[in-house]
Amino acid sequence: MKFFIDTANLDEIKKGVAMGMVDGVTTNPSLVAKEDKPFEEIISDICKVVDGPVSAEVVSLEADGMVAEARELAKIADNIVIKIPMIVEGLKAVKMLSAEGIKTNVTLVFSSAQALLAAKAGASFVSPFVGRLDDIGTPGLDLISDIVTIYDNYGYQSEIIVASIRSPQHVVDSALVGADIATIPFKVINQLAKHPLTDKGMEQFLADWEKRTR
Ligand code: E4P
């Protein structure tokens, strides 16, 4: 399973890379707005430290505007993926960009129907949001499982990025149902490494080591 890091913060990305846990990066307008640099500079800096796919999101609401933004963003680096919202205009943009060989990530996916349309349009990646579904009382992981089945049934090549991850359990559940990728906040990457019995075991080993007589 591939791990992407869900942040626009370069320090977090560098720390994740040092851990060997960053196969790619996803950003969105809200994450970019937290950083104190121009959008293109943020994306360019990220592409200098990550070889894998780096998603940068467009903000136009019409297909032609999305495509124009995408063409500019795609010039930043070879590993840029254009994040496109799951609306009808977005599907048109995905089809046009796919024909030009520009990779896309269809975002804000909340149903199997939307995931099916995104794959048919030729999306390279599709991002269903599990945490936001859980927030409204709809089990997010059920959606991932359904999309895995649908894509397997028809051999769609779009990779499933489980997004809006809030906990280590989201990551494990995504792996269990066979999602291709989880895009994970830095905090959750660290939580994945932790277990209280590991800490307790380390404490005991070090205490015993100090007590040794030779
Ligand atoms: C996905 O690519 C999005 O950036 C992200 O996962 C959204 O997560 P949130 O629901 O925590 O904002």
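Described below are features of the structure shown in this document. (Residues numbered from 1 in each chain as written. Predicted model: local features only at pLDDT ≥ 70, side-chain atom pairs only at ≥ 80, totals over all residues.)

## So, the packing of helix α1 (residues 10-18) against helix α3 (residues 39-49)
Link 1 in the chain: Two elements in contact, α1 and α3, have axes whose closest approach is 10 Å; the angle formed by their N-to-C orientations is 10°. On the basis of the axis angle, α1 is roughly parallel to α3. By crossing handedness, the relation of α1 to α3 is classed as right-handed. Between α1, through L10, I13, K14 and V17, and α3, the contact on the second element is made entirely by D45, I46 and V49.
Link 2 in the chain: Residue classes in the contact of α1 with α3 are distributed as 5 nonpolar, no polar and 2 charged. (Axes fitted to C-alpha atoms, helices over the stretch in contact; angles between N-to-C directions. Helix = DSSP H or I, 4+ residues; strand = E, 2+ residues; numbered from the N terminus. Parallel < 35°, antiparallel > 145°, perpendicular 65-115°, else oblique. Left-handed = near helix turned anticlockwise from the far one by under 90°. Contact = placed C-beta atoms within 7 Å. Nonpolar A, V, L, I, M, F, W, Y, C, P; charged D, E, K, R; others polar.)

## A word on the pairing of strand β1 (residues 2-6)
Link 1 in the chain: With respect to burial, β1 is a largely interior element, 4 of its 5 residues being buried.
Link 2 in the chain: Taken together, the 3 bridges between β1 and strand β2 (residues 24-26) define a ladder with parallel strand orientation. Its bridge partner being in β2, D6 is matched across the sheet by T26.
Link 3 in the chain: Traced from β1 through α1 to β2, the parallel crossover comes out right-handed. (Buried ≥ 20, exposed ≤ 12 C-beta atoms within 10 Å, placed from the backbone. Pairing = 2+ DSSP bridges. Right-handed = clockwise from strand over helix to strand, strands pointing away.)

## A look at the pairing of strand β5 (residues 104-109)
Link 1 in the chain: For β5, the buried fraction is high: 5 of the 6 residues fall into the buried class.
Link 2 in the chain: Remark: the strand β4 (residues 80-85)/helix α5 (residues 88-99)/β5 crossover connection has right-handed handedness.
Link 3 in the chain: Relative to strand β6 (residues 125-128), β5 runs parallel, the two sharing 3 bridges. Bridge pairing in β6 links V109 to P128.
Link 4 in the chain: Following the backbone out of β5, through helix α6 (residues 112-121) and into the adjacent parallel β6, one traces a crossover that is right-handed.

## Describing the environment of R212
Link 1 in the chain: Here R212 is to be found in the segment after α11 (196-211).
Link 2 in the chain: Counting along the chain gives 90 residues from R212 to G122, while the straight-line C-alpha distance between them is 63 Å.

## Focus: unusual backbone geometry
Link 1 in the chain: For L108, which is not glycine, the phi dihedral falls at a positive 60°.
Link 2 in the chain: Relative to the assigned elements, L108 resides in strand β5.
Link 3 in the chain: A count of 19 C-beta atoms within 10 Å places L108 in the partly exposed class.
Link 4 in the chain: With a phi close to 60°, S164 is a non-glycine residue in the positive phi region.
Link 5 in the chain: Relative to the elements of secondary structure, S164 occurs in the loop between β7 (159-162) and α9 (168-176).

## Looking at the site of the ligand
Link 1 in the chain: Near the ligand, the surroundings consist of D6, T26, N28, T107, S127, F129, G131, R132, A163, S164 and T183.
Link 2 in the chain: Along the lines of polarity and charge, the residues of the shell around the ligand split into 2 nonpolar, 7 polar and 2 charged. (Near = placed C-beta within 6 Å.)

## What to know about the nonpolar core
Link 1 in the chain: Grouped together as the largest cluster of nonpolar side chains are 52 residues, with contacts concentrated most on I82, V94, A118, V126, I160 and V162.
Link 2 in the chain: Among the elements that line this core, the one with the most residues is helix α4 (residues 63-74), at 5 residues.
Link 3 in the chain: Among residues more than four places away in sequence, those in contact with I82 are A56, V58, A70, L73, A74, L97, I102, K103 and T104. (Core = buried A, V, L, I, M, F, W, Y, C linked by C-beta atoms within 7 Å.)

## Overview of the sheet that holds β6
Link 1 in the chain: Strand order around the closed barrel formed by 8 strands is β1-β2-β3-β4-β5-β6-β7-β8, with parallel pairing between neighbours. Each strand of the sheet is rotated relative to its neighbour by a mean of 30°, with strand direction disregarded.
Link 2 in the chain: In this structure, β1 lies alongside strand β8 (residues 181-184), joined through 4 bridges in parallel fashion. Looking at the pairing, I5 lines up with I184 of β8.

## Quick notes on α9
Link 1 in the chain: Among the residues making up α9, those that are buried are H170, V171, D173 and S174. Each buried residue of α9 lies within a common arc of 165° when the element is viewed along its axis, so the set occupies one face. Turned more than 90 degrees from where α9 packs its buried face, V172, A175 and L176 sit exposed.
Link 2 in the chain: In this structure, the buried side of α9 is in contact with α7 (130-135), α8 (140-154), β7, β8 and α10 (186-193).
Link 3 in the chain: Positive phi appears at G178, one or two residues downstream of α9, with a value of about 85°. (Arc of directions from axis to C-beta.)

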